[in-house]
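Structural features, examined
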Amino acid sequence: MSIDWITVAAQIVNFLVLVWLLKRFLYRPILDGIDAREAEIAERMSKAEYARQKAEAAETEFRDRLSAIRSDQSAMIDSVRLRAERERDALLKEARERLEREQEEYRRQREAEERKYIAELHRVGMDAILSLTRKALKDLADDTFEERVVSQVSNRFLSIAEDLREAAGESAEAVATTRDPLPRDACERLKADLQKLLPETTLRFRTDVAQSPGLVLRLGGVQVAWTVDSYIDGLEAQLEEELPPTRKGKARSNDR
Amino acid sequence: MELTPDSTIVFVAWSIPVNATIFHTWIIMALLTGISILITRNLRPDKPPNRWRTMLEVIVQGIQGQIAEVARRPAPRLIYFVGTLFLFIVTSNLLMVVPGFHPPTASLSTTVGLTLSVLAAVPLFGIASRGLRGYLKSYLEPSAIMLPFNIISEFSRGVSLAIRLYGNIMSGAVIAAILLSVAPFFFPVVMDLLGLLTGLIQAYIFAILATVYISSATSDPSTPENAREIQ
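All of these numbers come straight from a predicted model, not from anything done at the bench.

Attention now moves to the overall build of chain A. Within chain A, the regular secondary structure consists of six helices and four strands. Taking 18 Å as the expected radius of gyration for a compact globule of 256 residues, we find that chain A reaches 61 Å, considerably beyond that expectation. Relative to its 256 residues, chain A shows a buried fraction of 27%. Considering only contacts in chain A between residues 6 or more positions apart, those separated by 24 or more positions represent 75%. About 17,800 Å² of surface is accessible on chain A, with carbon and sulfur atoms providing 54% of the total.

Written out as structure tokens, the structure is:
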């Protein structure tokens, strides 16, 4: 057992060199690698923590917004309900107005129909009365309707002769208006009757299809007439007495 | 029979004889450095660690953990010295089973050299940690009377370190050689297996004792933690 001091010195140098070599090629790379990995892991964890905090913040914001939306929901429902009620009222009002307009239109149409019906009634009644009258006069008195009308008018203005003269004043012409032309005999008789009362007055005949059958004599401001209108009115009054419950009831139901 | 490889001259370079102890030390140095370079040459943070790198990390972190456990505090610079001691001794002891390899740790010159390195490292680490005044003051503790005993204690530590390692490894090699001549087929295998275990334990003991000596020199007894330990 001996110690070779040269070998001892060489082994010390060898050992120190080995310390440097292992520090350079083993410990430093390994420890640096571990440190780098730890730093990387720490960084990733930091990023993950940041991402988690961000996600939590987003979740909190989302929950806040959700709660705000839920709290506003009742107000929105009330608002929508109010708006719907207004819309409903407006639609009902519009429908009511349209219904009223339609009812008014219907009422106007009905009145027009009534007027048309009454006019038709007048015409038909007039024709019927005229026809019946003509037939009755012919059968019973062998006379014509026009003769009787002229006679009736003559009697009337003869009964008011004084008033007629005053009313005629300076008028030199009297006008006899009929719906259809008068027969010649009737015209001559009317002329003769007027000449008896007012010799200087001329008589002019004219026709008016719009006039009721009969005769209207106008002189100045005076008018003497006989038409079947009064009879037609009487007929209508009678019909009104017979028909009113039905027609008036219908009219009332339509008004509703 | 030669008890030390110091007397075996392997070759002469520039009229300087290189004995087996130095030559096999160079082999161990080349082996450790080469393996380290091979494993750590492609070491990059963006590449996942392979099994070799993981093995080295386990070894390095194991040494670091043992040092921290013995020193009772993190001592990052100590791993370069103590770790190299452990790796050198354990590699030398394990290569003992290779035929024709003379473990440098079986040479008293190597163990003395390593011990002298430890004896030099103790004051160096102590002065670096506590300062020159603080380190020298530790020789006067607990009183100035203890100064010669502390100095003797330091030297006896070194002697025990050197003799322990040398004696164990040398005796293992000698016993294996004797048994090889007596019963060449069975006993040498058993003794070699036992020698591997012994070599591993001796490397561990040497490194741990070096850590204890250095950490005791670097620890400040005035700190509460170390004061409790002293009590």
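This next bit is on the confidence of the model for chain A. Low-pLDDT stretches of the model should not have their predicted coordinates read in fine detail. Mean pLDDT over chain A: 85, with 94% of residues reaching 70 or higher. Contacts for the low-pLDDT stretch residues 251-256 of chain A, under 50 throughout, to residues beyond four places or in other chains number seven contacts.

With that settled, consider the pattern of salt bridges. Residues and elements named next belong to chain A. Summed over all chains, the structure comprises 23 salt bridges over all chains. Note that Lys47 is salt-bridged to Glu43, the shortest N-O span being 3.5 Å. In this pair, Lys47 and Glu43 both sit in helix H1 (residues 5-141), four residues apart, roughly one turn of the helix. On the basis of relative accessibility, which here comes to 45%, the residue Glu43 falls in the partly exposed class. Taking the shortest distance from any N to any O, the salt bridge between Arg108 and Glu105 comes out at 2.6 Å. With a gap of three residues between them, Arg108 and Glu105 both fall in helix H1, about one helical turn apart. Given a relative accessible area of 41%, Arg108 falls into the partly exposed group. Given a relative accessible area of 34%, Glu105 falls into the partly exposed group.

The interhelical angle for the contact between H1 of chain A and helix H1 (residues 20-40) of chain B, taken along N-to-C directions, is 5°, at an axis separation of 9 Å. What the angle tells us is that H1 of chain A and H1 of chain B run roughly parallel. Of the residues in H1 of chain B, those in contact with Thr7, Ala10, Gln11, Asn14, Val17, Leu18, Leu21, Leu22, Phe25, Leu26, Pro29 and Ile30 of chain A of H1 of chain A are Thr21, Ile22, Thr25, Trp26, Met29, Leu32, Thr33, Ser36, Ile37 and Thr40 of chain B. Here the contact of H1 of chain A with H1 of chain B is composed, by residue class, of 14 nonpolar, eight polar and no charged.

Here we come to helix H3 (residues 78-94) of chain B. The terminal C-alpha atoms of H3 of chain B lie 24 Å apart, and with 17 residues this matches the ideal 24 Å at 1.5 Å per residue to within 8%. Within H3 of chain B, 15 of the 17 residues are buried, leaving the element largely enclosed by the surrounding structure.

Moving on, we come to the interface of chain A and chain B. Taken together, the 30 residues of chain A in the interface contact 39 residues of chain B. Approximately 3,200 Å² of surface area, both sides summed, lies buried where chain A meets chain B, with 74% of it carried by carbon and sulfur atoms. Where chain A packs against chain B, one counts one salt bridge. The salt bridge partner of Arg37 of chain A is Glu57 of chain B, with a shortest N-O separation of 2.4 Å.

All names here are of chain B. Within the secondary structure layout, Thr111 lies in helix H4 (residues 108-130). Thr111 sits in the buried class, given a relative accessible area of 0%. Placed 66 residues apart in sequence, Thr111 and Ala177 show a C-alpha to C-alpha distance of 21 Å. Setting aside chain neighbours within four positions, we find Thr111 in contact with Thr105, Ala162, Leu165 and Tyr166. Engagement of the side chain of Thr111 in a polar contact is seen with the backbone oxygen of Leu108, the distance being 2.9 Å.

For the rest of this paragraph, the subject is the packing of aromatic side chains. In this structure the tally under the stated criterion is five aromatic pairs over all chains. Ring centres 5.9 Å apart and planes at 55° place the aromatic pair Tyr27 of chain A and Tyr80 of chain B in the tilted group. In this pair, Tyr27 of chain A sits in helix H1 while Tyr80 of chain B sits in helix H3, so the two residues belong to two different chains. Accessibility classification places Tyr27 of chain A together with Tyr80 of chain B in one group, the buried group.

Turning our eyes to something else, we now look at the confidence of the model for chain B. Residues and elements named next belong to chain B. Averaged over all residues, the pLDDT of chain B equals 79, while 89% of them reach at least 70. No element of chain B has a lower mean pLDDT than helix H8 (residues 224-230), at 43, and none a higher one than H1, at 91. Below pLDDT 50 for its whole length, residues 225-231 participates in seven contacts with residues either more than four positions away or in separate chains.

Rules of the game
Residues numbered from 1 in each chain as written. Chains lettered and ligands numbered in written order. Predicted model: local features only at pLDDT ≥ 70, side-chain atom pairs only at ≥ 80, totals over all residues. Heavy atoms only, no water. Helix = DSSP H or I, 4+ residues; strand = E, 2+ residues; numbered from the N terminus. Rg over C-alpha atoms; globule rule 2.2 N^0.38 Å. Buried < 20%, exposed > 50% of the residue type's maximum accessible area, 1.4 Å probe, protein only. Contact = heavy atoms within 4.5 Å. Areas by Shrake-Rupley, 256 points an atom, 1.4 Å probe, with all protein chains shown as cover. pLDDT = per-residue confidence, 0-100. Salt bridge = Lys/Arg side-chain N within 4 Å of Asp/Glu carboxyl O. Axes fitted to C-alpha atoms, helices over the stretch in contact; angles between N-to-C directions. Parallel < 35°, antiparallel > 145°, perpendicular 65-115°, else oblique. Nonpolar A, V, L, I, M, F, W, Y, C, P; charged D, E, K, R; others polar. Expected span 1.5 Å × (residues − 1). Buried area = accessible area lost by both parts, 1.4 Å probe. Polar contact = N/O pair within 3.5 Å; in protein donor to acceptor, adjacent residues only side chain to side chain. Phe/Tyr/Trp six-rings, centres within 6.5 Å; stacked < 30°, edge-to-face > 60°.

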